[in-house]
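# Residue-level structural notes
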Amino acid sequence: MEMKQRGEKISMLTAYDYSSAKIIDKAGMDVILVGDSASNVMAGNQTTLPITLDQMIYHAKSVMKGTRRALVVVDLPFGTYQGNSKEALASAVRIMKESHAEAVKIEGGAEIAESVQRILSAGIPVMGHLGLTPQSINKFGTYNVRAREEAEAAKLVEDAKLLEELGCFAIVIEKVPAELAAKVAAELTIPIIGIGAGGGVDGQVLVMHDMLGLNEGFSPRFLRKYANLGDIMTDAVRHYIADVKSSDFPNEKEQY
Ligand code: KIV
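Residues numbered from 1 in each chain as written. Predicted model: local features only at pLDDT ≥ 70, side-chain atom pairs only at ≥ 80, totals over all residues. Heavy atoms only, no water.

Let us look at unusual backbone geometry. Excluding glycine, a negative phi dihedral is what most residues carry, and trans is how most peptide bonds are arranged. Residue Phe249 is joined to Pro250 through a cis peptide bond whose omega torsion reads -5°. Of note in the backbone geometry, His100 takes a positive phi value of approximately 70° without being a glycine. Positionally, His100 belongs in the loop between helix H5 (85-99) and strand S4 (103-107). Positive phi, close to 60°, is recorded for Ala147, a residue that is not glycine. On the secondary structure map, Ala147 appears in the loop between helix H7 (137-140) and helix H8 (150-166). On the basis of relative accessible area, Ala147 is assigned to the buried category, the value being 4%. (Helix = DSSP H or I, 4+ residues; strand = E, 2+ residues; numbered from the N terminus. Buried < 20%, exposed > 50% of the residue type's maximum accessible area, 1.4 Å probe, protein only.)

This is the structure:
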């Protein structure tokens, strides 16, 4: 909130393992998100739905070991908080106790208010997530831009205000028109972190594999690729294979 007040944009990026978290933290990232996108980019699933609480805790523990200064937020996975606020609290408590992360993120607005409230009442900071909420892909049917229609846009504004009133410390808004996201950011005092939500918000989040070019074929309009590690890795691996086949590796200096 202080960063928002002084107009300093918040940088946020996902990480799922120790080595990446160490690099991202050292580079100066403000927030590391252990996203349930691990289900896609780490486990190879089509959606975020299959990842389990145990798997999220495994990723979060690994990230925490590599992080010294960034705030680490962990997604509560699908099915661990929606139906029952006591279960939501138990899931959040497991993440905090077992991973030592500092906050949880959950998808949804009014429909999960009771869960948000109960988690907050235990002293666990909660980040909201509105707009395109990938755990609801089977309800939406597509990953297209959300809240283009007036009714959905109005509900998003209401949900954002509700999450702020409940005590969430920030909200991710995913894939909605830039004008709508900017309006929410202007009306709320807590930071709005956008992904595919334009530049009028308080910070940006991307999935690490997407922005490093490790997620071949994934090129939505909102994504800026800062490297093409997929190509670099392919070249390196091919080089290694060739060196092994030709007996160039290992050489005399690379043996005992
Ligand atoms: O799981 C994730 O990586 C996310 C980001 C896309 C915000 O929720």
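Now that the structure has been shown, the text picks up again.
The next point concerns the domain arrangement of the chain. Assigned domains of the chain: these are domain 1 (2-225) and domain 2 (228-256). Domain 1 and domain 2 are separated by 38 Å when their C-alpha centres are compared. (Domains from an automatic or database assignment.)

Now for the nonpolar core. Across soluble globular proteins, nonpolar side chains show a tendency to be buried alongside one another. In this structure, Ile32, Leu76, Val104, Val116, Ile119 and Ile171 are the most contacted members of the largest nonpolar core, which totals 62 residues. Aside from chain neighbours lying at most four places away, what touches Ile32 is Leu13, Ala15, Ala21, Ile24, Asp25, Val63, Thr67, Ala70, Leu71, Val72 and Val73. Formed by 13 residues, the second largest nonpolar core is a distinct cluster that contains Met12, Val31, Ile193 and Val205. (Core = buried A, V, L, I, M, F, W, Y, C linked by side-chain atoms within 4.5 Å. Contact = heavy atoms within 4.5 Å.)

Another aspect to go through is the packing of H8 against helix H9 (residues 178-187). Across the interface, H8 lies against H9 with an axial gap of 10 Å and an inter-helix angle of 25°. By the angle between their axes, H8 is roughly parallel relative to H9. The two elements H8 and H9 meet at a crossing, and its hand is right-handed. When H8 is examined against H9, the residues Ala153, Leu156, Val157, Ala160 and Lys161 are found in contact with a partner set consisting of Leu180, Lys183, Val184 and Glu187. In terms of residue class, the contact of H8 with H9 is made up of six nonpolar, no polar and three charged. (Axes fitted to C-alpha atoms, helices over the stretch in contact; angles between N-to-C directions. Parallel < 35°, antiparallel > 145°, perpendicular 65-115°, else oblique. Left-handed = near helix turned anticlockwise from the far one by under 90°. Nonpolar A, V, L, I, M, F, W, Y, C, P; charged D, E, K, R; others polar.)

Let us look at the packing of aromatic side chains. Considering all chains together, one arrives at one aromatic pair under this definition. Relative to Phe249, the ring of Tyr240 lies with its centre 5.9 Å away and its plane at 65°, an arrangement referred to as edge-to-face. Since its relative accessible area comes to 37%, Phe249 is described here as partly exposed. Geometry around Phe140 places Arg146 over its ring, the cationic atom sitting 3.8 Å from the centre. (Phe/Tyr/Trp six-rings, centres within 6.5 Å; stacked < 30°, edge-to-face > 60°. Lys NZ or Arg CZ within 6 Å of the ring centre and 35° of its normal.)

Looking now at the pairing of strand S2 (residues 31-34). Residues Val31 and Leu33 point to one face of S2 and Ile32 and Val34 to the other, with burial holding for every one of them. Here strand S1 (residues 10-14) runs beside S2; their pairing, made up of three bridges, is parallel. Paired with Met12 across the two strands is Val31, which belongs to S2. Note on the crossover from S1 through helix H2 (residues 18-27) to S2: the handedness is right-handed. Relative to strand S3 (residues 71-75), S2 runs parallel, the two being bridged by four bridges. Residue pairing in the sheet places Val34 in a bridge with Val74 of S3. (Pairing = 2+ DSSP bridges. Right-handed = clockwise from strand over helix to strand, strands pointing away.)

Turning next to the pairing of strand S8 (residues 203-206). For S1 and S8, the ladder comprises four bridges, and the chain directions are parallel. From the neighbouring strand, Ser11 faces S8, where its bridge partner is Gln204. As defined by bridge partners, strand S7 (residues 192-195) adjoins S8 across two bridges and the pair is classed as parallel. Pairing of Gly194 across the sheet is with Gln204, part of S8.

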